[in-house]
Amino acid sequence: MLNEEKIRLMTKAASFEAGEGKKALEMNRFYKGDYLSIHLIGAWISYTVAFCLCVGLWAFYKMEYLMTNLHKMDLAAFGKGLALLYLALLGIYLVIQYVVYYNRYQENRKKLAAYNHILKRISGIYESETSGSTSMAEGAKEE
């Protein structure tokens, strides 16, 4: 005999695993700190590459000015200003990335909690079916 509730729950679980749950289940392999650290390191690397490309493009755009005034410039102050700009923007970027990935982690934890609830309900149905069939089998043996 088919249990409609069990079929409905198993369908929900399978659709979760095949759809939006793939990323959530993959994320579940990590602790929150590890998940955030991995993504923040990736964000730091991508920011550094982007900053270097932007500085290179700016330098290429201002090449004539830089070449004519290079001997007049205070290169130490220019380097310090560039480093401060890098660090300030990096801090802002990493805070934004932290908030984004923290929220993603929390949303996925909620989705996984709902998924685990479905799995517990399915397990409960299996247990009730098993205990019901065991008691029926024992009743048949006694007769």
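You'll find the structure just up there.
Let us look at the structure shown here. Each chain has its residues counted from 1, running along the sequence as written. Local features are withheld for residues below a pLDDT of 70 in this predicted model, meaning they are given only at 70 or higher, and side-chain atom pairs are given and counted only at 80 or more; totals for whole chains, interfaces and linings count all residues. Side-chain numbers here rest on the full set of heavy atoms in the structure, without hydrogens or water.

1. Quick notes on the nonpolar core
Convention followed: By nonpolar core we mean a set of buried residues, namely Ala, Val, Leu, Ile, Met, Phe, Trp, Tyr and Cys, connected to one another through side-chain atoms within 4.5 Å. Summary of the burial criterion: residues with accessible area below 20% of their type's maximum are buried, those above 50% are exposed, and those between are partly exposed, where the area comes from a 1.4 Å probe applied to protein chains only. Only runs of H or I of at least four residues qualify as helices and only runs of E of at least two qualify as strands under DSSP, and these elements are numbered from the N terminus. The contact rule is simple, with two residues in contact once any of their heavy atoms fall within 4.5 Å.
Counting residues in hydrophobic clusters, the biggest one holds 14 residues, and the most contacted among them are Y35 and L112. Where this core is concerned, the elements lending two or more residues are helix 1 (4-18), helix 2 (21-27), helix 3 (32-61) and helix 5 (75-142). It is helix 5 that provides the largest number of residues to this core, a total of 7 residues. Sequence-distant contacts of Y35, that is, excluding residues within four places in its chain, are made with M27, F30, Y101, R104 and Y105.

2. Concerning the layout of surface pockets
Rules: Cavities and pockets are found on a 1 Å grid laid over the protein atoms alone: a cavity is a set of points where a 1.4 Å probe fits but cannot escape, a pocket is an open set with protein on both sides within 12 Å along at least five of seven lines, and a lining residue has an atom within 4 Å of such a point. Grid points are joined across faces, edges and corners, and a volume is the space filled by probe spheres set on the points. Under the grouping applied here, Gly and all other residues not named as nonpolar or charged are polar, the nonpolar ones being Ala, Val, Leu, Ile, Met, Phe, Trp, Tyr, Cys and Pro and the charged ones Asp, Glu, Lys and Arg.
Its volume calculated, the largest pocket comes out at about 270 Å³. In this structure, the largest pocket is lined by E20, K23, A24, E26, M27, F30, Y35, H39, R104, E107, N108 and K111. Contributing elements (two or more residues each) for the lining of the largest pocket: helix 2, helix 3 and helix 5. In terms of residue class, the lining of the largest pocket is made up of 4 nonpolar, 2 polar and 6 charged.

Just geometry here; none of it tells us what the structure is for.
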